[in-house]
Amino acid sequence: MAAGLDSPQGLNGRGRGARRRIGGALYRRPWLRGLSLLAPPVAAFTAVYVAALAVLFVSAFWGVDPFAGTLIRHFSFDNFRTLWDASVYHTIALRTIGIAAAVTLTDALVAFPIAYFMARVAKPRSRSILFVMVLLPLWSSYLVRVYAWRLILNKEGVLNWVLHGFGLPAANIAYSNTAVWIVFSYVWLPFMIVPIYAALERIPHSYLEASRDLGARGSRTFRSIVLPLALPGVVAGSIFTFSLTLGDYITPKLVGGSSSDFIGNVVFDSVGVSNNVPFAAAYATVPLLVMGVYLVLAKRSGAFEAL
Amino acid sequence: MSKRSWAVLAAVAAGLMLPAAGVSKNTGGTLNMIAWEGYTQPQWVTPFQKQSGCTVHAKYAGSSDEMVTLMRSGGGGQYDLVSASGDASLRLIYGGDVQAIDPTKIPDYKNFLKTFQSPPNNTVGGKHYGVSLQWGPNTLLYNTKKVSPAPTSWGALYDSKYKGEVTVPDNPIQIADAALYLMKTKPSLGIKDPYELNQTQFDAAISLLRGQKSLIKKYWALASDEIDLFKNGDAVIGASWPYQTNTLIAAGAPVKDVVPSEGATGWLDTWMVSKKTKNLACAYKWLSWISTPKVQAEQAIYFGETPVNKYACAEMDKLELGSCAKYHADAAESYFKNIYFWKTPIADCGNGKKDCLDYTKWQQAWTALKG
């Protein structure tokens, strides 16, 4: 049994033959090559993510024995009926969606000028400095940033101290939905700036020059050229800010007031407090549904081409 | 696989097994506990492990409800002991998660104050489901500079005078605080026990709380939240535990707490033993250890609560002069007439009828109130 020249590892003849056959098969059939490359991640994705979602959805139709706290694997619509009947869950869902929408809008309005400056005005050096400054908050813990906001918004916090210095009346926004909105807008802002920046940077300068040559003023160029071309970036950013707000429960818990519960808080309490996983699963389908609708709309606007 | 690799594998396996066998020989076993943070401090756990040979693994729970959930997770049996508060203990007893114990096996049991030998939140039908540990009142905390005159009634929490500056715990058992206030101020409702409420009484308590909601700055979930609220002036009055008062006073905040004229609700924690424990001997050793005056005193001072063992008073003063009186560890039995200890609301109100609202209803009402 002579060792082949191409097998310094000393593979025996049978192993080398098999390897050659597999190599040949992969070479002749490119789709097989693609499949074998994709199969492991796809399998993991299916097992971990899709299967988890499926279990979540199935368990939403189960119940819990109130006495012993054990799962009742019996199909019923009880959880959804409770969600439909009790107005408190409508209020909480609407509050969650409303604040998520407000946060998204705020971030879009704040992020656009920053991204525009970074992409089209700033010189390469100051651009990289700006980039670092935008991303720097992401290096620190989310919790630290939320607690920092508590110190700012407190009655005797930085905000009121500054207002007092200017002789203005104190703002009483600590522990309220306003505080939740401000903090969310702050923590998710980088997720809006980066996609808008990417979209703006891709607009060829020649378009703007052509617009100017055709006699358009700055505002007209912005409306007809920049904004439509940047919109996919805005929508891509809004997917982040909207979904991140929709699923959060820590910020409402820490800076929220007497009625600041989000869907996430109810889900968290249902699992950790009342041990009612099926109800939590049922309520968790609401943000899933909202996000589904949102993504369909976003796809129509062509946002995924900018990602 | 060659013979040699089998031999190596066998050697490795043997090596892995040897230390394991050694551990189980030297120690009395392992106790997995669910505890409040601060209840399994090295100060008293390390000497226990040395003395008993039992290893302690503790998991901290954030709420009574979480404790119940954890005790039931994986079919139970994952945990041997739980330091259940009164709003969880009956759920664990009726849910069949914990077992009755024999108090005569706990040497210090006879030294417990009478009130804590068979309190209704851990003793059912003459059977003791665990040993009482520590207790504390839910007090009325206020900022002495902003609140005057000094409040003497829970009514201050329902008074629009402090609108937007009130804070109460984010906990369904808070409904009992409203019921206690109604019990003393509206005798026509006929509330006998703030934890046994029929629909009419329950609705009255909820409507009182709904009126209170517009006055609330925040429902606090963590003790540190309430400390923040008082430190930064966002709240000036609220329901609290002695722990927050002591922390705030130590930080120089102008606060004081009081047990108002209506009395107060209070918590009483019990170490309970899982029905499926495999280490009953170690569990009893732990129950005995944690009941001794010295350990009781150490825990009381560490956490800011009151021991149930009457001999712990002297030990507390040894550790920190005046701490026995500060935490009412020397209180006379009559003191407890004014403290209504937490217990899980159940449908059976003890009057033969089952018309009381159970804890699930309390939870739902609390969610609806906050939403």
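Attention here is on the structure that accompanies the text.

What counts, and at which threshold
- Within every chain, residues take consecutive numbers counted from 1 along the sequence as written.
- Chains carry letters from A onward and ligands carry numbers from 1 onward, assigned in written order.
- Under the rules for a predicted model, residues below a pLDDT of 70 receive no local features and side-chain atom pairs below 80 are neither given nor counted, while totals for whole chains, interfaces and linings still include all residues.
- Calculation of side-chain values draws on the structure's entire complement of heavy atoms; hydrogens and water are dropped beforehand.
- Note on contacts: a residue pair qualifies if any of its non-hydrogen atoms lie within 4.5 Å across the two residues.
- By convention, the term buried area covers the 1.4 Å-probe accessible surface removed from two parts as they join, with the contributions of both added.
- Each reported salt bridge corresponds to a side-chain nitrogen of Lys or Arg within 4 Å of a carboxyl oxygen of Asp or Glu.
- Polar contacts, as used here, are pairs of N or O atoms within 3.5 Å; protein pairs need one atom able to donate a hydrogen and one able to accept it. Residues neighboring in sequence count only if both atoms are side-chain atoms.
- Strands are runs of DSSP state E lasting at least two residues, helices are runs of H or I lasting at least four, and both sets are numbered from the N terminus onward.
- By the convention adopted, Pro, Cys, Tyr, Trp, Phe, Met, Ile, Leu, Val and Ala count as nonpolar, Lys, Arg, Asp and Glu as charged, and the other residues, Gly among them, as polar.
- Nonpolar side chains (Val, Leu, Ile, Met, Phe, Trp, Tyr) are joined into patches within 5 Å and like charges within 9 Å, using only residues with over 30% relative accessible area and no salt bridge.
- Note that accessible areas follow from Shrake-Rupley with a 1.4 Å probe, and for residues the cover is restricted to the protein chains shown.
- The buried label applies to any residue whose accessible area, calculated with a 1.4 Å probe on protein chains only, is under 20% of its type's maximum; exposed applies above 50%, and partly exposed to all values in between.
- Throughout, disulfides are identified as pairs of cysteine sulfur atoms within 2.5 Å of each other.
- Every axis corresponds to a line fitted to the C-alpha atoms, with the helix fit spanning only the stretch in contact, and the corresponding angles, defined between N-to-C directions, vary from 0 to 180 degrees.
- Each angle gets one of four labels, with under 35 degrees taken as roughly parallel, over 145 as roughly antiparallel, 65 to 115 as roughly perpendicular, and the rest as oblique.
- The handedness criterion is simple: a crossing whose near helix is rotated anticlockwise from the far helix by less than a right angle is left-handed, and one whose near helix is rotated clockwise is right-handed.
- Only protein atoms enter the 1 Å grid used here. Points where a 1.4 Å probe fits but cannot escape make up a cavity, open sets with protein on both sides within 12 Å along at least five of seven lines make up a pocket, and a residue lines them when an atom lies within 4 Å of a point.
- Grid points are joined across faces, edges and corners, and a volume is the space filled by probe spheres set on the points.

## What about the interface of chain B and chain A?
Residue-level contacts link 29 residues of chain B with 31 residues of chain A. Buried area between chain B and chain A, summed over both chains or domains, comes out near 2300 Å², and the portion from carbon and sulfur atoms is 44%. When residues of chain B are sorted by the area they lose upon contact with chain A, K217(B), K218(B) and N232(B) head the list and together hold 22% of the total. Remark: the boundary between chain B and chain A carries 4 salt bridges. Across the pair D225(B) and R150(A) runs a salt bridge whose closest N-O atoms are separated by 3.1 Å. Summed over the shared surface of chain B and chain A, the result is 11 residue pairs in polar contact (both at pLDDT 80 or more). Broken down by secondary-structure element, the contributors of at least two residues to the side of chain B that touches chain A are helix 3 (64–72), strand 10 (216–220), helix 7 (223–231) and helix 13 (359–370) of chain B. Take the side of chain B that touches chain A: its biggest share by element is 5 residues, from helix 13 of chain B. Looking at the side of chain B that touches chain A, its residues break down into 6 nonpolar, 9 polar and 14 charged.

## Focus: a nonpolar patch on the surface
All names here are of chain A. A surface patch of nonpolar side chains, amounting to about 580 Å² of accessible area, comprises F45, V48, Y49, V50, L53 and L288. Element by element, the count of residues in the nonpolar patch is highest for helix 2 (residues 30–59), at 5 residues. In this fold, L288 is placed in helix 14 (residues 277–300). On the accessibility criterion, L288 (45% relative accessible area) is partly exposed.

## Some details on the state of the cysteines
Residue and element names in this part refer to chain B. Inspection of every chain in the model, using the stated rule, returns 2 disulfides over all chains. Here C54 pairs with C282 through a disulfide, and the sulfurs are 1.9 Å apart. Measuring the twist about the S-S bond at about -90°, one finds the C54-C282 disulfide to be left-handed. A residue pair is termed long-range when its members are at least 10 positions apart, and C54 in strand 2 (residues 54–60) and C282 in helix 9 (residues 280–291) qualify at 228 residues. Residue C313 pairs covalently with C324 via a disulfide, S to S 1.9 Å. Between C313 and C324, the disulfide has an S-S torsion of -100° and is therefore left-handed. Within this pair, whereas C313 is found in helix 11 (residues 312–319), its partner C324 is found in helix 12 (residues 323–326), the two being separated by 11 residues in sequence. For C313, a relative accessible area of 18% translates into the label buried.

## Topic: unusual backbone geometry
All names here are of chain B. A cis amide bond links S148 to the next residue, P149, at an omega of 0°. With respect to the helices and strands, the residue P149 is situated in the loop between strand 8 (139–143) and strand 9 (166–169). The phi torsion at H328 lies on the positive side, around 60°, for a residue other than glycine. Among the structural elements, H328 can be located in the loop between helix 12 and strand 15 (339–341). H328 sits in the partly exposed class, given a relative accessible area of 33%.

## Quick notes on the packing of helix 4 (residues 87–121) of chain A against helix 5 (residues 124–135) of chain A
Residue and element names in this part refer to chain A. Their axes nearest at 9 Å, the elements helix 4 and helix 5 cross at an angle of 155°. Of the possible angle classes, the one that applies to helix 4 and helix 5 is roughly antiparallel. In this structure, helix 4 crosses over helix 5, and the sense of that crossing is left-handed. Between helix 4 and helix 5, the residues in contact are F117, M118 and A119 and R127, L130, F131 and V134, respectively. A breakdown of the residues in the contact of helix 4 with helix 5 according to their chemical character gives 6 nonpolar, no polar and 1 charged.

## Notes on empty space enclosed by the protein
Any empty space left between the atoms is revealed when a probe the size of a water molecule rolls over them. Scanning all chains against the criterion turns up 1 cavity of 30 Å³ or more. Of the volumes computed, that of the largest cavity is approximately 150 Å³. Taken together, 13 residues line the largest cavity, and the ones lying closest to its centre are G257(A), D261(A), D170(B), Y219(B) and K370(B). Looking at the lining of the largest cavity, the elements with two or more residues in it are helix 12 (250–255) of chain A together with strand 10 of chain B. Partitioning the lining of the largest cavity into residue classes produces 2 nonpolar, 6 polar and 5 charged.

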